[in-house]
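Each chain, written out:
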Amino acid sequence: MNLTSKSFSNESDLINHLKTHTPSFYHSSRTSTVIPYDKLEAEMKGPLVVADLSKIPPKMTLKGENVIIRGAVNWQDADQFLKSHGRAIMTSPTEQLALILAGLATSCTGERCFAFGNMRKQIVRLKYLDFNGVEHELSADKDFPSTEGLAAYQKEFSHYSGYKNAPYPRFEKETDLLIGTEGQLGIITEAEIKTTTHDDVTHLFMLLPKWENDYTAHLEIFKAVQHFRGAVISCELLDSNSIAYLKADERLGQSQDVIFLEILSNEFERVYGELLGELQHVSPDDVFELSSAKFHSVRAGVPRAVFEENSKMGVKKMGTDCQVSGDHFKDLLDFYRELSKLGVRYNLFGHFGDAHLHYNYMPRPEDSQKCQAEFEKLYAQVLKWQGSPFAEHGIGLLKQKFIKPFIHDTQRMVFKALKKQHDPKSQFFPQGFMTTV
Ligand SMILES: Cc1cc2nc3c(=O)[nH]c(=O)nc-3n(C[C@H](O)[C@H](O)[C@H](O)COP(=O)(O)OP(=O)(O)OC[C@H]3O[C@@H](n4cnc5c(N)ncnc54)[C@H](O)[C@@H]3O)c2cc1C
């Protein structure tokens, strides 16, 4: 047996396990799309403990306008807790059952990133357990600790600074040691996170032609919505192929693309008049309101259905996570149009307002290789556009083969120094990107 499973129901058992220095992969809710959880036995090299952190007792407390999260708290529960105190989470992944501390490890983003930026920006401080099971605290007010090669690393990172995430972690603040490093340097146990006021919001959707045939309206909305960040909280796309994954009574439109806007209710009239009222390519007859609950179920329903179909087909998820600058958004859509001609079923959805879309092939096992080849061409192009190939879901195992062109000796040197210092016994996710690239 290659892998052994272990579950922790309290922190002291976890600390005792860390002290054994056993090579382990620590997971939370297992919603990461870049870790093939249903194929771990085949994909992870053993001997390895697959260590479950999702049973550690959850704890939430308010400290002024910040929330302190300890243990296995998911986004849904935190949202309910904060709502009862008139506060709200700023950024969370579409999958609300994921755990918050894991969201730090993956540097998660989500729909509301359009208004609030990614989660990393909202972290005030965090605590983590090191390789000896000793807890440390890191602050976002302090700089990243001096590390061999860090100055060059930070310089090379600078052209990614406008993106949600880059192909490698940011390493700017002290807290960044554990943010986006996917559990390769320690186990996050606690975080203090900024919140915002709980405001009334209104959700709208617009029906559009299929992007493959005509994306004029899409591009008009993309350009116009940039001036309304803040009043518009999120701007999401589900294309007609994505909508087809929903149950018949949940579908919107008649085989059309759908763009959703989440708008602060007290800004609604202004946004309606100045943004929607000015669009030349969207008729007011194609704009509708929907409830917040329906928006969330429809929006999360699509990636879940895609994931389930891939599992049923026995194929690994084959989706993109690229974010490009606004100047290259049309180029990205053109590239996706080319990909759509391969003769393999596909869908396109995601964080439209941020020029960050997930294009998914839905291959039969025998199509997988030709889809991979198409993605390799895409990543080569994203490199030329100086875009971010993995802006949200991280690298895990599944994106490692695509990361290499984006990583140079500078990044390798820093990864090596950090692993040596923080994981001297190679006990944290030994197959993670910091070791393999
Ligand atoms: C339907 C769907 C929609 C999604 N939408 C989004 C989205 O909008 N934005 C987004 O960012 N992601 C999204 N994701 C991906 C996923 O939800 C996030 O990556 C999430 O942060 C993973 O949380 P988890 O609890 O499932 O972590 P897991 O999958 O259990 O673990 C993910 C990684 O974090 C590490 N890790 C977990 N817990 C800890 C810890 N306490 N300390 C250190 N390392 C740890 C693990 O080792 C692993 O490398 C989506 C996934 C699905 C299935």
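Keep in mind that this is a model prediction, so the values were computed, not measured.

Read from one edge to the other, the open sheet built from five strands follows the order β4-β5-β9-β7-β8, with strand pairing classed as antiparallel. Each edge of the open sheet carries a strand with a single partner, namely β4 (59-63) and β8 (135-139). Strand-to-strand, the axes of this sheet are offset by a mean angle of 15°, without reference to chain direction. Here six bridges tie strand β7 (residues 123-129) to strand β9 (residues 187-194), and the two strands are oriented antiparallel to one another. The partner of Leu129 across the bridge, within β9, is Ile187. Its contacts with the sheet put helix α1 (residues 11-19) on β5 (66-70), β7 and β9, and the angle it makes with β7 is roughly 60°.

Right, let's talk about the site of the ligand for a bit. Taken together, 33 residues lie near the ligand, and Tyr26, Ser28, Thr31, Tyr37 and Thr109 sit nearest. Ser28 places a main-chain nitrogen or oxygen 2.6 Å from an oxygen atom of the ligand. Thr31 has a polar backbone atom sitting 2.6 Å from an oxygen atom of the ligand. Computed on the free molecule, the ligand has an accessible area of 980 Å², of which 97% lies beneath the protein chains in the complex. Elements with a minimum of two residues in the shell around the ligand: β2 (24-27), α4 (100-105), β9 and α10 (292-313). Its residues assigned to classes, the shell around the ligand comprises 13 nonpolar, 15 polar and five charged. There are two domains that each give the shell around the ligand at least three residues, and those are domain 1 (1-198 + 396-424) and domain 2 (201-384).

Backbone torsion omega between Gly46 and Pro47 reads 0°, so that peptide bond is classified as cis. Mapped onto the secondary structure, Pro47 falls in the loop between α2 (40-43) and β3 (48-52). Phi is positive for Arg30, close to 60°, though the residue is something other than glycine. Considering the arrangement of structural elements, one finds Arg30 in the loop between β2 and α2. Residue Phe171 is not a glycine yet carries a positive backbone phi of 50°.

Attention now goes to helix α7 (residues 216-225). For an α-helix, 3.6 residues make a turn, and residues three or four places apart therefore share a direction. Buried residues dominate α7, accounting for eight of its 10 residues. Taken as a whole, α7 has its buried residues at Ala217, His218, Leu219, Glu220, Ile221, Phe222, Ala224 and Val225. Along its buried surface, α7 packs onto α5 (113-116), β11 (201-208), β12 (232-238), β13 (257-264) and α11 (329-339).

On to helix α14 (residues 409-422). With 14 residues, α14 should cover 20 Å at 1.5 Å per step; its first-to-last C-alpha distance of 20 Å lies within 8% of that length. Those residues of α14 not exposed but buried are Thr410, Gln411, Val414, Phe415, Ala417, Leu418, Lys419 and His422.

The domains assigned to the protein are domain 1 (1-198 + 396-424) and domain 2 (201-384). Taking the mean C-alpha position of each, domain 1 and domain 2 sit 27 Å from one another. Across the contact, 22 residues belong to domain 1 and 35 residues belong to domain 2. Overall, the association of domain 1 and domain 2 removes approximately 2,400 Å² of surface from exposure, summing both partners, and the carbon and sulfur fraction of that is 60%. Among the residues of domain 1 in contact with domain 2, Glu111, Phe114 and Phe402 are the three that bury the most area, contributing 31% of the side total. Inspection of the region where domain 1 meets domain 2 yields four salt bridges. In this structure, Glu43 and Lys316 form a salt bridge, with 3.3 Å as the shortest nitrogen-oxygen distance. The interface formed by domain 1 and domain 2 contains 11 residue pairs in polar contact (both at pLDDT 80 or more).

Turning our attention to the pattern of salt bridges. Counted by the stated rule, this structure contains 30 salt bridges. Lys55 is the salt-bridge partner of Asp52, the closest N and O atoms lying 3.2 Å from each other. With its nearest N and O atoms 3.3 Å apart, the salt bridge here joins Asp334 to Lys330. In this pair, Asp334 and Lys330 are both assigned in helix α11, four residues apart and thus about one turn of the helix distant. A relative accessible area of 25% places Asp334 in the partly exposed class. What makes Lys330 partly exposed here is its relative accessible area of 40%. What you see here is one network of salt bridges that share partners, running through Glu11, Lys63, Arg70, Arg125, Lys127, Glu135, Glu137, Glu190 and Glu192.

Parameters and conventions
Residues numbered from 1 in each chain as written. Predicted model: local features only at pLDDT ≥ 70, side-chain atom pairs only at ≥ 80, totals over all residues. Heavy atoms only, no water. Pairing = 2+ DSSP bridges. Helix = DSSP H or I, 4+ residues; strand = E, 2+ residues; numbered from the N terminus. Axes fitted to C-alpha atoms, helices over the stretch in contact; angles between N-to-C directions. Contact = heavy atoms within 4.5 Å. Near = heavy atom within 4 Å. Polar contact = N/O pair within 3.5 Å; in protein donor to acceptor, adjacent residues only side chain to side chain. Areas by Shrake-Rupley, 256 points an atom, 1.4 Å probe, with all protein chains shown as cover. Nonpolar A, V, L, I, M, F, W, Y, C, P; charged D, E, K, R; others polar. Domains from an automatic or database assignment. Buried < 20%, exposed > 50% of the residue type's maximum accessible area, 1.4 Å probe, protein only. Expected span 1.5 Å × (residues − 1). Buried area = accessible area lost by both parts, 1.4 Å probe. Salt bridge = Lys/Arg side-chain N within 4 Å of Asp/Glu carboxyl O.

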